[in-house]
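Structural description and commentary
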Amino acid sequence: MSDVGIRLRVTEVELVDNLYLFGAPGIGKTEVIRQKAKEEAKKLGRVFVDLRTWRGADDKTPISFDDVFKNPSKYYVFLRVPAPHIMPEDFAIPAKNPDPNARYYEQIPPKAFRVMSLPGIAGVLFLDELNNVHRFDQITALFALLQEKDIGWSDKLSPDIKVVAAGNPPEMSSVANPLPLPMRGGRLIVVWVDPPTVDEWIEYMVKTYKDAWDVRTAAYLKIYPNDLFKPPVEDDGVSPYPTPRSWTRLALELYRFRDNEKFSIAMAYGLLGKEVGQRFEAVIRAHLTPQELDNLERHPGEFDGLEEAKKIFVITAVANNPRKYAKLLKHIASKNRDYFVLSLVMMKPSDRMWAINELRDEVADTLDAIANYM
């Protein structure tokens, strides 16, 4: 890995024009910039629009193209485009001039680029995989977009559209090119980024997906935080490896197929690779009988001696029925803040409020941590 002097977690970057994020695939570069664009839209009092889906900040509300076109100063737009997909001819296509005597034709940009060129519009154009582009004409057109905000030769981006790019280090991608020398001479702000922390990933999952994900992934990562991002030491060219992106996918798919344990384990191997998949399989397969859970409620101190996979199973059971296992929950709250916070994340809102009120003395020093997730 190149020595760059300083590296930031991807969550620490600020949203500025001509920013270039250099980091491994799957660590959340796109999602972080998208979330920061939403935050800036809110700060400016504008309506966020994702131009790929024409949906608002909640990813559900449809936004009318006609209204954006008529009232650009009301909106903040976001567009993520994989740079290798953009050809120079994509910036504009010839259109027949309505004047039959005309000796020229007009150039019409694509819908999204047309919106981003409107006077008064603000937003972010995110060019992903920039250093995966190999054609010289593509590179020239994209760098003109970055440096001068030129959409081909016929139009320009609005001055309030920030252009942000991202790429993978050559050692992390067989198709990545070095960043051209002129781009490193002050035309781009090159920032090297690392993955988020486990706590940041959990906070993102809670805020984005609410209860619709498998929280066993979070409990596992609190025990094995180094498994959040673990690129292969010796790459065989085919085996998967864990990244924040693969953990997000796994958490969502495990929730979706929660009644199919065999398929869940196969997905864990398919997203995390053999080494981490084996450890996670132990979590999936860990079970305690109802009698063993009842015994833990009578003797909560025995929780501390359980193997980690079974602890994850226990806090899941406690979160599903906190009133039944109130004594055990109190013990967990007093002895292990991380496990207690994770159990709260898994609870229904009504149970969560009950637990916090019931155990206020035990959780007084963890309220800040709890607030970060809720």
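Let me begin by describing the structure that accompanies this report. (Residues numbered from 1 in each chain as written. Predicted model: local features only at pLDDT ≥ 70, side-chain atom pairs only at ≥ 80, totals over all residues. Heavy atoms only, no water.)

**Here's the deal with the overall build of the protein**
Secondary structure assignment for the protein yields 16 helices and 11 strands. Here the protein holds 374 residues, and the buried ones make up 46% of them. The contacts in the protein between residues at least 6 apart in sequence include a share of 70% that link residues at least 24 apart. Element-wise, carbon and sulfur atoms account for 52% of the exposed surface of the protein, whose accessible area totals about 19200 Å². (Helix = DSSP H or I, 4+ residues; strand = E, 2+ residues; numbered from the N terminus. Buried < 20%, exposed > 50% of the residue type's maximum accessible area, 1.4 Å probe, protein only. Contact = heavy atoms within 4.5 Å. Areas by Shrake-Rupley, 256 points an atom, 1.4 Å probe, with all protein chains shown as cover.)

**A word on the packing of aromatic side chains**
Two measures describe an aromatic ring pair: the distance that separates the ring centres and the angle between the ring planes. One pass over the structure, following the stated rule, counts 14 aromatic pairs. Between Trp247 and Phe280, the ring centres sit 5.7 Å apart and the planes meet at 75 degrees, which makes this aromatic pair edge-to-face. Of this pair, Trp247 sits in helix α7 (residues 244-256) while Phe280 sits in helix α9 (residues 274-285), and the two are 33 residues apart along the sequence. Between Phe257 and Phe263, the aromatic rings sit 5.1 Å apart at their centres with planes inclined by 85 degrees, giving edge-to-face as the arrangement. Cluster of aromatic residues (ring-pair linked, three or more members): Tyr220, Tyr224, Trp247 and Phe280. Directly above the aromatic system of Tyr255 lies the positively charged group of Arg258, at a separation of 4.1 Å from the ring centroid. (Phe/Tyr/Trp six-rings, centres within 6.5 Å; stacked < 30°, edge-to-face > 60°. Lys NZ or Arg CZ within 6 Å of the ring centre and 35° of its normal.)

**Observations regarding the sheet that holds strand β1 (residues 8-9)**
On the basis of which strands lie adjacent, the open sheet formed by 7 strands has the order β1-β11-β2-β10-β7-β4-β3 and parallel pairing. Edge strands, defined here as strands with exactly one partner in the open sheet, are β1 and β3 (47-50). Of the strand pairs in this sheet, strand β7 (residues 122-128) and strand β10 (residues 161-167) are connected by 5 bridges, and their pairing is parallel. Across the sheet, residue Leu125 finds its bridge partner in β10, namely Val163. On the sheet, helix α1 (residues 29-44) packs against β2 (19-22), β3, β4 (75-82), β7, β10 and β11 (189-194) and is oriented at approximately 170 degrees with respect to β4. (Pairing = 2+ DSSP bridges. Axes fitted to C-alpha atoms, helices over the stretch in contact; angles between N-to-C directions.)

**Here we look at the side chain of Asp351**
Mapped onto the secondary structure, Asp351 falls in helix α14 (residues 349-358). At 2.4 Å, the side chain of Asp351 forms a polar contact with the side chain of Arg323. (Polar contact = N/O pair within 3.5 Å; in protein donor to acceptor, adjacent residues only side chain to side chain.)

**Quick look at the packing of helix α5 (residues 198-209) against α7**
As a packed pair, α5 and α7 sit with axes 12 Å apart at the nearest point and diverge in direction by 45 degrees. Viewed along their axes, α5 and α7 adopt a mutual orientation that is oblique. As α5 runs across α7, the sense of the crossing is right-handed. Facing α5, whose interface residues are Trp201, Tyr204, Met205 and Tyr209, α7 presents Pro244, Trp247, Thr248, Ala251 and Leu252. Classifying every residue of the contact of α5 with α7 gives 8 nonpolar, 1 polar and no charged. (Parallel < 35°, antiparallel > 145°, perpendicular 65-115°, else oblique. Left-handed = near helix turned anticlockwise from the far one by under 90°. Nonpolar A, V, L, I, M, F, W, Y, C, P; charged D, E, K, R; others polar.)

**Some thoughts on the pairing of β10**
A large share of β10 lies buried, amounting to 7 of its 7 residues. Going residue by residue along β10, you find Ile161, Val163, Ala165 and Gly167 tucked away on one face and Lys162, Val164 and Ala166 tucked away on the opposite face as well. Pairing of β2 with β10 involves 4 bridges; the strand directions are parallel. Bridge pairing links Leu21 to Ala166 in β10.

**Observations concerning unusual backbone geometry**
Although it is not a glycine, Asn18 sits at a positive phi angle of roughly 60 degrees. Among the structural elements, Asn18 can be located in the loop between β1 and β2. Classification of Asn18 as buried rests on a relative accessible area of 17%. With a phi angle near 55 degrees, Lys210 is a residue other than glycine that sits in the positive phi range.

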